[in-house]
Amino acid sequence: MIRTALEVGMTKSPEAILFWVLAPLSVLAAIGMLLVKKAVHSALLLAWVMISLAIFYIAQEALFLGIVQIVVYTGAVMMLFLFILMLVGVDSADSLLENIKYLRPIAVTAAIGIGGLLVSLIGRATISHNAYGLSIANQNGNVQGLAQLLFTKYVWAFEVISALLITAALGAMVLAHSNKVRSKFSQRDLSAARFRGKKLAEAAGLPGPGVYALHNAVDVPARLPDGSAAATSISRVLEARGDVLESKQFELQQSEDESSDK
Amino acid sequence: MINSKGMVAQLLGQDPGWVIALKGLLIFIFCVVLTIMAVWGERRIVARMQMRLGPNRVGIFGIIQGLADGVKLALKEDLIPKTADKIVFIIAPIISATTCFMAFAVIPLTGEVSFFGHKTVMQLTDLPVGVLYVLAIASVGVYGIVLAGWSSGSTYPLLGGLRSSAQVISYEVAMALSLVAVFIYAGSMSTSDIVVAQDRWWYAVILFPSFAIYCISMVGETNRAPFDLAEAEGELVGGFHTEYSSLKFALFFLAEYINILAVSSLATTLFLGGYRAFPGLGFTETWLGGWFTLFWFFAKVLIFFFVFVWLRGTLPRLRYDQFMQFGWKTLIPVSLAWILIVSTLRVMSDQGAPQYLIFGFAFAVVLIYLVISNYSDNAKAKLATDYKNFTPENPEFPIPISNRTEQVIQIRDEAKK
């Protein structure tokens, strides 16, 4: 039994070298994907697993499948990457707290279920079936053979899957879409608003930070001609974050004789 | 002469190991040298466009300025920011620089030549899905930019990286769609077969819309002006490579220029007849034992490179939302419609449809286009007037309006009266 399994697994030398170099690497990457803390590292390792799978496909003469695997999955992992950045945060690590009750038993059951499904599927496809072999399958070329199957025998499944994907994409768009309740302000509107606003002093726009101040950093308020700090010169975002220095200390100290003049 | 499909694959199958190794090495050296020359060339051309002289001190016409700059760049101090994710920070430029060379493996540089007494073509390998392979490599290469942006641990690079990933996701779709028409007409996805299939007409002529879409999306794909939003030095300092210095920065630099050459080579191969001579000059293809075809190939690639420089010297950078809108709302629908038209025509001619049917179809397409464009113009005009007459007094549901918004709305309405 083991001997037959080994004989089946035997391949010609260059392919064998490729396999024994890449297989451990991809398994390590797959395990690492589960164990690393940062979500982005995890996505990267996933990309590596996908690329090494693609190389295996190519080594097994499934050239089209291999290349498409790279095109599709690198794009998909890129999307995942974006999702991580948008939803989880740029630099976040996994939290190990379990928020859902009975998470572990559910996960184990699901894993066993998927594993069982895979084993039964692969078993049904291989046991008591005689393989045609590549030479017959690729008789009219690999791509042409695949195209023929996809667009004749499996055209229904193919179309159903594409309809499903389009529906999912549209659903995501509908959920994420928000209606505009007013038209955008044009530059003209904003300019008019500045000039008709309460303070004409702001008509030319707000002062930039750090102008005539001791430092020209974005978190240092500009100084007005009388030496006082212009609070409006600092971005509101910085202020809300608490990243701004107290503007008081940058105000000009009135010297002794100036104050005595008054 | 190579004049039938699959011949190149056969020729390459007979290559002994040393020929393959030597070809790989030559392609590598060629790319690096060409990059150095391209940097010099770009600076000279842009300088001329801006009424300057450009680098003219180092060597004749400043020709080894690129080399001097390269050495200087490599000898600078290599900094890694404290907040950077070290491993990814180092891997990112390596990904960029290695993948950019790989595309050249499937580009046919010459016709049949004698290579140290061995009959072959200057092409490393010929895959039946060669063009898809180039696309796959390109999409891996973008990881370099995105990861560089993320791993730098600072805001501008992150924005650059995000922009670049969004850019690639949307423009690669348009790029791949533009190639479909070529596949349909050539009946193959192998680069050498596509060159063979263009022996009568270049696809740039008969598939002009595809060519135009490819040319636009290739500029987006390589992050060059006017689509250089990922580095946007006016907005994001240097974008994804802000934190990079020394050799790591040099790798990104190298990758950018080799990518330009790679997409230009692909455009040459797919649309301009590859290494074949310009129309009417076919007799030159046998000069120098076939090596003269290399000249034609590089003449075409350099034309593309010149256009890249020209664009950079002429056009301002696009705004990000306009760029995205253009990709999704113009390029992709147009290429989808074009694919439908091309495949219909192809099926018609394959099934031997009579001429009047084909002309009728073409006429119908033009008619439909006119109707749709008229309709969309009207819709746009209506939308514009709707926006103008829109008042926020009675929105369908309550919305938070800040003081500032209210103030602007009020002043705008007063101005209207």
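Residues numbered from 1 in each chain as written. Chains lettered and ligands numbered in written order. Predicted model: local features only at pLDDT ≥ 70, side-chain atom pairs only at ≥ 80, totals over all residues. Heavy atoms only, no water.

Caption draft 1: Layout of the overall build of chain A. Helices and strands together make up the secondary structure of chain A, namely 11 helices and 2 strands. When the 262 residues of chain A are sorted by exposure, 19% land in the buried category. Counting every atom, chain A has about 20,200 Å² of accessible surface; 66% of that belongs to carbon and sulfur. (Helix = DSSP H or I, 4+ residues; strand = E, 2+ residues; numbered from the N terminus. Buried < 20%, exposed > 50% of the residue type's maximum accessible area, 1.4 Å probe, protein only. Areas by Shrake-Rupley, 256 points an atom, 1.4 Å probe, with all protein chains shown as cover.)

Caption draft 2: Up close: the confidence of the model for chain A. Residues and elements named next belong to chain A. For chain A, the mean per-residue pLDDT works out to 77, and 75% of the residues sit at or above 70. Element-level pLDDT for chain A is lowest in helix 11 (residues 256-261), with a mean of 46, against a maximum mean of 91 in helix 5 (residues 103-126). Note on residues 256-262: pLDDT under 50 across the span, and 1 contact to partners over four residues away in sequence or across chains. (pLDDT = per-residue confidence, 0-100. Contact = heavy atoms within 4.5 Å.)

Caption draft 3: The interface of chain B and chain A, seen in detail. Contacts between chain B and chain A engage 31 residues on the former and 36 residues on the latter. Buried area between chain B and chain A, summed over both chains or domains, comes out near 3,200 Å², and the portion from carbon and sulfur atoms is 78%. Considering only the side of chain B, the residues that lose the most area to chain A are B:Tyr143, B:Trp150 and B:Arg412, jointly responsible for 20% of the buried surface there. Counting every contact that joins chain B to chain A gives 0 salt bridges. In this structure, the connection of chain B to chain A is made through 1 residue pair in polar contact (both at pLDDT 80 or more). It is helix 5 (residues 130-151) of chain B that provides the largest number of residues to the side of chain B that touches chain A, a total of 11 residues. Considering only residue class, the side of chain B that touches chain A consists of 25 nonpolar, 4 polar and 2 charged. (Buried area = accessible area lost by both parts, 1.4 Å probe. Salt bridge = Lys/Arg side-chain N within 4 Å of Asp/Glu carboxyl O. Polar contact = N/O pair within 3.5 Å; in protein donor to acceptor, adjacent residues only side chain to side chain. Nonpolar A, V, L, I, M, F, W, Y, C, P; charged D, E, K, R; others polar.)

Caption draft 4: Quick peek at the side chain of B:Glu221. Within the secondary structure layout, B:Glu221 lies in helix 9 (residues 208-221). Of the buried charged residues, B:Glu221 lacks a salt bridge, with B:Arg224 as the closest side chain of opposite charge at 14 Å. (Lys, Arg positive; Asp, Glu negative; His and termini not counted.)

Caption draft 5: Focus on the packing of aromatic side chains. In the structure shown here, the tally under the stated rule is 24 aromatic pairs over all chains. Considering the side-chain rings of A:Phe151 and A:Phe158, the 5.5 Å spacing of their centres and the 80° angle between planes classify their relative orientation as edge-to-face. Between B:Tyr171 and B:Phe227, the ring centres sit 5.8 Å apart and the planes meet at 50°, which makes this aromatic pair tilted. Highlighted residues: B:Tyr171 in helix 6 (residues 155-186) and B:Phe227 in the loop between helix 9 and helix 10 (233-236), separated in sequence by 56 residues. The class for B:Phe227 is buried, based on a relative accessible area of 7%. Site record: aromatic cluster; members linked through ring pairs are B:Trp202, B:Phe278, B:Phe292, B:Phe295 and B:Trp296. When the ring centre of B:Phe278 is taken as origin, the NZ or CZ atom of B:Lys300, which lies over that ring, is 5.6 Å away. Between B:Arg346 and the ring centre of B:Tyr185, over which it is positioned, the NZ or CZ distance is 5.2 Å. (Phe/Tyr/Trp six-rings, centres within 6.5 Å; stacked < 30°, edge-to-face > 60°. Lys NZ or Arg CZ within 6 Å of the ring centre and 35° of its normal.)

Caption draft 6: Up close: the environment of B:Leu236. Within the element layout of this structure, B:Leu236 appears in helix 10. Along the sequence, B:Leu236 and B:Leu159 sit 77 residues apart, while their C-alpha atoms lie 7.6 Å from each other.

Caption draft 7: Here's a closer look at the side chain of B:Ser178. Residues and elements named next belong to chain B. When you line up the elements, serine 178 lands in helix 6. Look at serine 178 and you get buried, because its relative accessible area is 1%. Apart from the residues within four sequence positions on either side, serine 178 is in contact with Ser210, Ile213, Tyr214 and Phe271.

Caption draft 8: Region of interest: the state of the cysteines. All names here are of chain B. A full pass over the atoms with the stated rule returns 0 disulfides over all chains. As a non-bridged cysteine, cysteine 31 has cysteine 100 as the owner of its nearest cysteine sulfur, 7.5 Å distant. Using a relative accessible area of 2% as the deciding quantity, one classes cysteine 100 as buried. (Disulfide = S-S within 2.5 Å.)

Caption draft 9: The arrangement of unusual backbone geometry in detail. Phi is positive for A:Glu61, which is not a glycine, with a value near 70°. Assignment of secondary structure puts A:Glu61 in the loop between helix 3 (39-59) and helix 4 (63-88). A positive phi is found at B:Phe61, a non-glycine position, where the angle reads about 55°. Relative to the helices and strands, B:Phe61 resides in the loop between helix 2 (17-49) and helix 3 (65-74). Given the relative accessible area of 58%, B:Phe61 is considered exposed.

Caption draft 10: Region of the structure containing the pattern of salt bridges. Residues and elements named next belong to chain B. Applying the stated criterion across every chain, the model contains 8 salt bridges over all chains. For lysine 248, the salt bridge is made with aspartate 78, and the minimal N-O distance between the two is 3.0 Å. Placement of the pair is lysine 248 in helix 11 (residues 246-271) and aspartate 78 in the loop between helix 3 and helix 4 (86-102), with a sequence separation of 170 residues. Using a relative accessible area of 12% as the deciding quantity, one classes lysine 248 as buried. With a relative accessible area of 39%, aspartate 78 lands in the partly exposed category. A salt bridge links arginine 346 to aspartate 350, with the nearest nitrogen and oxygen atoms 3.9 Å apart. Of this pair, arginine 346 and aspartate 350 both sit in helix 13 (residues 320-350), separated by 4 residues, roughly a single helical turn. One continuous salt-bridge network, built from bridges that share partners, spans Glu42, Arg224, Glu256 and Arg312.

Caption draft 11: Quick look at the confidence of the model for chain B. Mean pLDDT over chain B: 83, with 94% of residues reaching 70 or higher. Scoring of the predicted complex yields 0.77 for pTM and 0.76 for ipTM.

Caption draft 12: Region of the structure containing the nonpolar core. Residues and elements named next belong to chain B. Tyr133, Leu179, Ile194, Tyr214, Met218, Leu270 and Phe271 are the most contacted members of the largest nonpolar core, which totals 89 residues. By residue number, the principal contributor to this core is helix 11, which donates 12 residues. Those residues within four positions of leucine 179 in sequence are excluded, and the remaining contacts are Val131, Leu135, Tyr214, Leu270 and Phe271. (Core = buried A, V, L, I, M, F, W, Y, C linked by side-chain atoms within 4.5 Å.)

Caption draft 13: Representation of helix 2 (residues 13-35) of chain A. Residues and elements named next belong to chain A. Between its first and last C-alpha atoms helix 2 spans 33 Å; for 23 residues at 1.5 Å apiece the expected length is 33 Å, and the two agree. All buried positions along helix 2 are accounted for by Ala16, Leu22, Ala23, Ser26, Ala29 and Gly32. Residues of helix 2 that are buried sit in contact with helix 3. (Expected span 1.5 Å × (residues − 1).)

Caption draft 14: View of the packing of helix 9 of chain B against helix 11 of chain B. Residues and elements named next belong to chain B. Interaxial distance between helix 9 and helix 11 falls to 11 Å at its minimum, and their mutual angle equals 175°. Judged by the angle between their axes, helix 9 and helix 11 are roughly antiparallel. Across the interface between the two elements, Ser210, Phe211, Tyr214 and Met218 of helix 9 pack against Val263, Leu266, Ala267 and Phe271 of helix 11. Residue classes in the contact of helix 9 with helix 11 are distributed as 7 nonpolar, 1 polar and no charged. (Axes fitted to C-alpha atoms, helices over the stretch in contact; angles between N-to-C directions. Parallel < 35°, antiparallel > 145°, perpendicular 65-115°, else oblique.)

Caption draft 15: Representation of the environment of B:Phe305. Residues and elements named next belong to chain B. Mapping phenylalanine 305 onto the fold places it in helix 12 (residues 292-314). On a C-alpha basis, the gap between phenylalanine 305 and valine 342 in space is 29 Å, while along the polypeptide they are 37 residues apart. Among residues more than four places away in sequence, those in contact with phenylalanine 305 are Ala38, Glu42, Tyr257, Ile260 and Ser264.

Caption draft 16: Looking closely at the pairing of strand 2 (residues 118-121) of chain B. All names here are of chain B. Taken together, the 4 bridges between strand 1 (residues 112-115) and strand 2 define a ladder with antiparallel strand orientation. Of the residues in strand 2, the one forming a bridge with phenylalanine 115 is histidine 118. Between the end of strand 1 and the start of strand 2, which pair antiparallel, lie 2 residues, with phenylalanine 116 showing a positive phi angle near 50°. (Pairing = 2+ DSSP bridges.)

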